[in-house]
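# Per-entry structural report
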Amino acid sequence: MAQKRGEFVGSLDCGTTSVRFIVFDKHADIVAENQVEFAQYYPNPGWHEHDADEIMDHANQCITKAIEKMVSAGWAQDSVKVIGVTNQRETTVAWSRKTGKPLCRAIVWTDSRTKHTVAHYEQKLENTGIQVRPGEWVKGREGTEVLRKITGLPLSTYFSAIKLRWMIDNHSDVSKAHEEDDLLFGTVESWVAYNLLGGVATGIHISEVTNASRTLLLNTSTLQWEPSLVEFFGLRKSILPRLVSSSEVYGNVASGPLKGIPIGGLVGDQQGALVGNKCLSKGEAKCTYGTGAFLLFCTGEEIVKSTHGLLSTVSGSYNRLETTAYCTSKVAYQAGPDAKPVYALEGSSKPCNLFTGRDYLLTNGKVAVAGSAVKWLRDTMGLIDSAAQVNELASKVPDSGGLFFVTAFSGLLAPYWDSGAAGLLIGISQYTNPSHIARATLEANAYQTRAIIESMKLDSGVDLKYLKVDGGMTNGDLAMSVLADVGGFTVIRPEMRESTALGSALLAGAAIKLFGWDLSKPETLAEVNTKGSREFSPQLSTQEQLRRWDGWQRAVERAKGWDEGRAD
């Protein structure tokens, strides 16, 4: 039988625990896919590492298996016309320019070993400062503001420059390579692109702007490496990748079943999900509910600084949360080397245990609620046997019966920021039953999502058009209905929810004008991922929404400061 010839776009999604390769058609229907988990290394408390070679081995395996499945389904191997790559952000890789091999294990975005490195640079920022012009230094509070103005970020264990500095200071091979100018630095997309495009033979060392914006080294206004920060962290400029946009042809795959196929899209995972949800205009937002709740709010071509609770470093007098929150507009994507960047508001914090039961450092408008609370209902209280059952239990009652659950297991995060807050169930009466508690748990997620969106609306001056959602928690219809009712906005849930992978596919397809896709013209994506899309509209009256919102706010106030000043 003759093979069918199609036009498809592939996406390599390099996540925190697995790699997958998905082949999409023009409507975002999945033609073939393969996913493989890879090893996680935890050599010391707070440490989290990956083997960069293993990531590439699994990536190549995924590509091969997915293409085999596509061919088995009757499609010609050359039906894939272009591929994109999306990735976990901040994870830091250091490798040799001469050999192309990693010099140590990658430090993962969740890793918190670098607290002392952060403290050193906080001290340096306070006492020495940043040299903004030859002979002109800014330090102290002004230095902190300059750092945030340039990068949109604070000093944190989170970001790649801090992780890289730790590598140089603590790994002799990395230090030696840095001294001898043999070091190459990059985040995961940089490492993956380097290898797919030929490794040492071609020496294509690039970094895409959304990933570069997570390093503490990128000037988010100019989209160039900031010399003052390269100097501040004591780095050689030669170790840095060449900066590229999110959508352009970077080169062709050097080997394997996709040999000769162009790579046309690179993007960090949460920005990829923003693009995959087609949130390309001001006021459009997406929230990914998976291991965490990741919320991005598009502000268009404007950089917006938050003044409503989404930009702060949390350091309580009683218990210093290992948390840094920040929210100025970050680079959402750049749709070509000559295109203006598009920005999005986001907020970030940690930690939280969510539906998988693993510990993760969470980013992007993170709602530290539902997962940890659902896990508590399941594992500690025994009210449910699985996370999915929370929807079934909650559906047995029409509302929470006046119950509010402030799930401040590790303090309150964005936009309240109170490290001394404690978890609180309030409104309990003899009428209260387990179903009310389950419903209050779903509502808690919705209330915190609304709180962050309200802050983002105030910061941007733009109203929310609707909230697009994806991720595991969105499988529950009740959870989405509750989100719409509490939030007072329409929630849109697509049937195909691999939005992160789809985002890199859209960027790649647009780079070669496949299917006429053009991110500057959202109408060209009108037929993408529309099948089975469902909208959840608010069913509560405005008066009832406000009454419940007021109840939530009062509950939050009662939860605040519980541990403040408590002696150990």
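That block above? That's the structure.
Overview of the structure.

Calculation rules
Residues numbered from 1 in each chain as written. Predicted model: local features only at pLDDT ≥ 70, side-chain atom pairs only at ≥ 80, totals over all residues. Heavy atoms only, no water. Phe/Tyr/Trp six-rings, centres within 6.5 Å; stacked < 30°, edge-to-face > 60°. Helix = DSSP H or I, 4+ residues; strand = E, 2+ residues; numbered from the N terminus. Buried < 20%, exposed > 50% of the residue type's maximum accessible area, 1.4 Å probe, protein only. Lys NZ or Arg CZ within 6 Å of the ring centre and 35° of its normal. Lys, Arg positive; Asp, Glu negative; His and termini not counted. Salt bridge = Lys/Arg side-chain N within 4 Å of Asp/Glu carboxyl O. Contact = heavy atoms within 4.5 Å. Pairing = 2+ DSSP bridges. Right-handed = clockwise from strand over helix to strand, strands pointing away. Expected span 1.5 Å × (residues − 1). Arc of directions from axis to C-beta. Axes fitted to C-alpha atoms, helices over the stretch in contact; angles between N-to-C directions. Parallel < 35°, antiparallel > 145°, perpendicular 65-115°, else oblique. Nonpolar A, V, L, I, M, F, W, Y, C, P; charged D, E, K, R; others polar. Core = buried A, V, L, I, M, F, W, Y, C linked by side-chain atoms within 4.5 Å. Disulfide = S-S within 2.5 Å.

In this section: the packing of aromatic side chains. Counting across every chain of the model gives 14 aromatic pairs. Residues Phe 404 and Tyr 447 carry aromatic rings whose centres are separated by 6.0 Å and whose planes lie at 40° to one another, so their mutual orientation is tilted. Here Phe 404, found in strand S25 (residues 404-406), pairs with Tyr 447, found in helix H12 (residues 434-460); they are 43 residues apart in sequence, far enough to count as distant. On the accessibility criterion, Tyr 447 (2% relative accessible area) is buried. Through a chain of ring-to-ring contacts, the aromatic side chains of Phe 404, Tyr 447, Trp 549 and Trp 552 assemble into a single cluster. A cation sits over an aromatic face here: Arg 113 above Trp 47, 3.8 Å from the ring centre. In this structure, Lys 124 is placed above the aromatic ring of Phe 232, and the distance from its NZ or CZ to the ring centre is 5.0 Å.

With respect to the helices and strands, Glu 248 occurs in strand S15 (residues 247-252). Although buried, Glu 248 forms no salt bridge, and the nearest oppositely charged side chain, Arg 242, lies 5.1 Å from it.

The next thing to look at is the side chain of Thr 91. Relative to the helices and strands, Thr 91 resides in the loop between strand S5 (80-87) and strand S6 (92-96). Overall, the relative accessible area of 0% leaves Thr 91 in the buried class. Every residue in contact with Thr 91, bar those within four places of it in the chain, is listed here: Ala 106, Ile 107, Val 108, Trp 109, Gly 186, Thr 187 and Val 188.

Glancing now at the pairing of strand S27 (residues 466-470). Note on strand geometry: in a regular strand, side chains alternate between the two faces of the sheet. Of all five residues in S27, five are buried, a share of seventy percent or more. Strand direction decides the pairing type here: strand S17 (residues 284-289) and S27, joined by five bridges, are parallel. Bridge assignment links Ala 285 to a residue of S27, and that residue is Leu 467. Of the strand pairs in this sheet, S27 and strand S28 (residues 491-493) are connected by two bridges, and their pairing is parallel. Within S28, the position partnered with Leu 467 by the bridge is Val 491. Between S27 and its parallel partner S28, the chain crosses via helix H13 (residues 477-487), and the hand of that crossover is right-handed.

A few words now on helix H15 (residues 542-559). The periodicity of an α-helix, 3.6 residues per turn, causes residues three or four places apart in sequence to face the same way. With 18 residues, H15 should cover 26 Å at 1.5 Å per step; its first-to-last C-alpha distance of 26 Å lies within 8% of that length. Where H15 is concerned, the buried positions are Glu 544, Gln 545, Arg 548, Trp 549, Gly 551, Trp 552, Ala 555, Val 556 and Ala 559. Considered in projection along H15, the buried side chains sweep an arc of 155° and stay on one side of the axis. Exposed positions of H15 whose direction lies more than 90 degrees from the buried face are Thr 542, Gln 543 and Arg 547. Looking at the buried side of H15, the elements it contacts are S25, strand S26 (424-426), H12 and H13. Remark: Gly 561 follows H15 within two positions and exhibits a positive phi of approximately 70°.

The mixed open sheet is built from six strands, whose spatial order is S3-S2-S1-S5-S16-S15. Looking at strand neighbours, the two that pair on one side only are strand S3 (30-37) and S15, the edges of this open sheet. On average, each strand axis in the sheet is tilted by 25° relative to the strand beside it, whichever way the strands run. Bridging between strand S1 (residues 8-14) and strand S2 (residues 18-24) involves six bridges; their strand directions are antiparallel. Note on S2: the bridge partner recorded for Cys 14 is Val 19. Lying on the sheet, helix H9 (residues 269-276) is in contact with S5 and strand S16 (262-268); it crosses S16 at an angle near 105°.

Moving on, we get to the packing of helix H4 (residues 160-170) against helix H5 (residues 172-179). Their axes nearest at 5 Å, the elements H4 and H5 cross at an angle of 100°. Comparing the axis directions of H4 and H5 gives the class roughly perpendicular. Contact residues: Met 167, Ile 168 and Asn 170 in H4; Ser 172, Val 174, Ser 175 and His 178 in H5. In the contact of H4 with H5, the residues fall into three nonpolar, four polar and no charged.

We now examine the nonpolar core. In terms of nonpolar packing, the biggest core is built from 56 residues, with Tyr 289, Val 406, Leu 442, Leu 467, Leu 483, Val 491 and Trp 552 touching the most fellow members. A total of 11 residues in this core trace back to one element, the largest contributor, which is H12. Sequence-distant contacts of Tyr 289, defined by excluding residues within four places in its chain, comprise Asn 445, Thr 449, Leu 467, Val 469, Asp 470, Gly 471, Gly 472, Met 473, Thr 474 and Leu 483. Ranked by size, the runner-up nonpolar core spans 45 residues in total, among them Val 108, Ala 161, Leu 164 and Leu 235.

Reading across the sheet, the seven strands line up as S21-S22-S18-S17-S27-S28-S29 and stay open at both edges, with mixed pairing between neighbours. A single partner strand is all that each edge strand has here, and the edge strands are strand S21 (330-333) and strand S29 (534-536). Sheet twist, expressed as the mean angle between neighbouring strand axes with direction ignored, is 30°. Relative to strand S22 (residues 342-346), S21 runs antiparallel, the two sharing three bridges.

With that settled, consider the state of the cysteines. A covalent bond bridging the sulfur atoms of two cysteines is what the word disulfide describes. Considering all chains together, one arrives at zero disulfides under this definition. With no disulfide partner, Cys 298 has as its closest neighbouring cysteine sulfur the one in Cys 279, 7.7 Å distant.

Taken across its seven residues, S2 has seven buried, putting it largely inside the fold. Here S2 shows two buried faces, one formed by Ser 18, Arg 20, Ile 22 and Phe 24 and the other by Val 19, Phe 21 and Val 23. Two strands pair when backbone bridges link them, and S2 and S3 are joined in this way by seven bridges, in the antiparallel orientation. Paired with Phe 24 across the strands is Ile 30, a residue of S3. What sits between S2 and S3 in their antiparallel hairpin is a turn of five residues, with Ala 28 showing a positive phi close to 75°.

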